[in-house]
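Residues per chain are reported as follows:
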Amino acid sequence: MKRLSIFSLEAVIRYSDEQLRSLFFPLFKEISSIELKEDPAPELRNIHHLLHFIFEKELKRAPSPAEISTYQKAFKKAVKKLYLSDEEAFEIRPGVQSLLGQLEKESKWKYGLVSDYWEESTEFILQSCGVFSKGKLTINAENAKNRAEQCELLKQRAQKDKTNISVQFISLDKNPGFLSGEMQILRPKVANKEANYYIFPKFSELFGVKKTKSRKSV
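Within any chain, residue numbers begin from 1 and follow the written order of that chain's sequence. Totals for whole chains, interfaces and linings use every residue, but because this is a predicted model, local features are given only for residues with pLDDT of at least 70 and side-chain atom pairs only at 80 or more, for both listing and counting. Where side-chain values are given, they derive from all heavy atoms of the structure, hydrogens and water being excluded.

### A short note on the nonpolar core
Turning to step 1, where the next piece is worked out: Buried Ala, Val, Leu, Ile, Met, Phe, Trp, Tyr and Cys residues form a nonpolar core when they are joined through side-chain atoms within 4.5 Å. Between buried and exposed lies partly exposed: a residue is buried under 20% and exposed over 50% of the maximum accessible area for its type, with that area taken using a 1.4 Å probe on protein chains only. Core analysis: the largest hydrophobic core is formed by 51 residues, its most contacted members being Phe-7, Phe-24, Phe-28 and Phe-90.
Turning to step 2, where the next piece is worked out: Secondary structure elements are defined from DSSP: runs of H or I of at least 4 residues count as helices, runs of E of at least 2 residues count as strands, and each element is numbered from the N terminus. For this core, the element with the most residues is helix 5 (residues 65–85), which contributes six residues.
Turning to step 3, where the next piece is worked out: Should any heavy atoms of two residues lie within 4.5 Å, those residues are considered in contact. In this structure Phe-7 touches Val-12, Leu-99, Leu-100, Leu-103, Tyr-111, Gly-112, Leu-113, Val-114, Ile-170 and Phe-200, once residues within four positions along its chain are discounted.
Turning to step 4, where the next piece is worked out: Listed in part, the 12 residues of the second largest apolar core include Ile-6, Cys-151, Val-167 and Met-183.

Set out below in C-alpha cells:
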C-alpha cells in the first residue's frame, strides 16, 4: 500500500493569516474601486473563493479571468513587499526540511502541500524559506475552493493507478472538521516558546514507523 502525507501550508511555514488577508483587502479599492471596511467573510480561508464572494456581493457578478490575474499579481507583489520589509514574516517550522527530505527518499511514499493562497504567492512564501515546490504535488487556492476538495484532488493526482493509498493530513488543528474519517491526522509538537510555534519530531516519531531500507534510485 502506498502512503500520502498532505501538509497544510501553515504546518510547513509559520506566518500570520490575518496579516496576509490584510494585504488582500486594500487591493479591491485600488483595482476595482471596492472599499472594504472589514473582512467580509472571515470563514472563507481560500483567497480565490473569497475573491469570487466579494465580487458577487459588491458587483453582482463573477470576476473575469483577466481580473483574477490582476489580483493574483497584485497580491504576490504585496506579499513580496511584506517579506522585504520583514524577513521574519515567513519562517519554516523547525524540523520540516529534514522531514520532507526523508519523505522524498521513501519509494512508496508521496507527500503534497495544500494552500489557501494562489500558486505564485504560495511558491514565493515557500521559496523564501528554502522550500522549493517545483515538481512537488501542490494544490493551491485556484485549484479547489476548500481544504476538503484540495485534499481529494491531491489524492487523485497522487493515485495514478488503482493501488490502495493511505492518506495522512499534517495539521496544526487537532480536529480539522473538513476531513473524512478515513484520513489520519498528524500534528507537530506545540512548543511553549510563543504562540503559533510548533516543532516537528523525527520522521519515525511523527509517522510511527522505522526508516525503510527501500529507497528511490538515484
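### Digging into the packing of helix 2 (residues 17–24) against helix 5
Turning to step 1, where the next piece is worked out: The contact between helix 2 and helix 5 brings their axes to 9 Å, and the two run at 130°. On the basis of their axis angle, the class for helix 2 and helix 5 is oblique. In this structure, helix 2 crosses over helix 5, and the sense of that crossing is right-handed. Between helix 2 and helix 5, the residues in contact are Gln-19, Leu-20, Leu-23 and Phe-24 and Tyr-71, Phe-75, Ala-78, Val-79 and Leu-82, respectively. Each axis is a line fitted through C-alpha atoms, taken for helices only over the stretch in contact, and angles between the N-to-C directions span 0 to 180 degrees. The scheme is simple: roughly parallel for angles under 35 degrees, roughly antiparallel for over 145, roughly perpendicular for 65 to 115, oblique for anything else. Here is the rule for handedness: rotate from the far helix to the near one, and if that takes an anticlockwise turn smaller than a right angle the crossing is left-handed, while a clockwise turn gives right-handed.

### Examining the packing of aromatic side chains
Turning to step 1, where the next piece is worked out: Any two of the Phe, Tyr and Trp rings considered here, Trp counted by its six-membered ring, make a pair once their centres fall within 6.5 Å; the pair's planes then place it as stacked at under 30 degrees, edge-to-face at over 60, or tilted in between. The final tally for this structure, using the stated rule, is 17 aromatic pairs.
Turning to step 2, where the next piece is worked out: Between the aromatic rings of Phe-55 and Tyr-71, the centroid separation amounts to 5.9 Å while the plane-to-plane angle is 85°, which identifies the pairing as edge-to-face. Taken together, the residues span a long stretch of sequence, with Phe-55 in helix 4 (residues 47–59) and Tyr-71 in helix 5 at a distance of 16 residues.
Turning to step 3, where the next piece is worked out: For Phe-55, a relative accessible area of 0% translates into the label buried.
Turning to step 4, where the next piece is worked out: On the basis of relative accessibility, which here comes to 0%, the residue Tyr-71 falls in the buried class.

### Focus on the pattern of salt bridges
As a working rule, side chains carrying opposite charge can pair if their charged atoms are close by.
Turning to step 1, where the next piece is worked out: Any carboxyl oxygen of Asp or Glu that lies within 4 Å of a side-chain nitrogen of Lys or Arg is treated as forming a salt bridge with it. Evaluated as defined, the whole model comprises eight salt bridges.
Turning to step 2, where the next piece is worked out: Put simply, Arg-45 and Glu-10 hold a salt bridge, and the shortest N to O gap is 3.0 Å. Of the two residues, Arg-45 is situated in the loop between helix 3 (26–32) and helix 4 and Glu-10 in helix 1 (residues 9–12); the sequence distance between them amounts to 35 residues.
Turning to step 3, where the next piece is worked out: Since its relative accessible area comes to 13%, Glu-10 is described here as buried.
Turning to step 4, where the next piece is worked out: Two residues, Glu-10 and Arg-147, come together in a salt bridge whose shortest N-O distance is 3.0 Å. With a gap of 137 residues between them, Glu-10 in helix 1 and Arg-147 in helix 8 (residues 147–158) connect regions that are remote in the sequence. Of the two residues examined, Glu-10 and Arg-147, each falls in the buried class.

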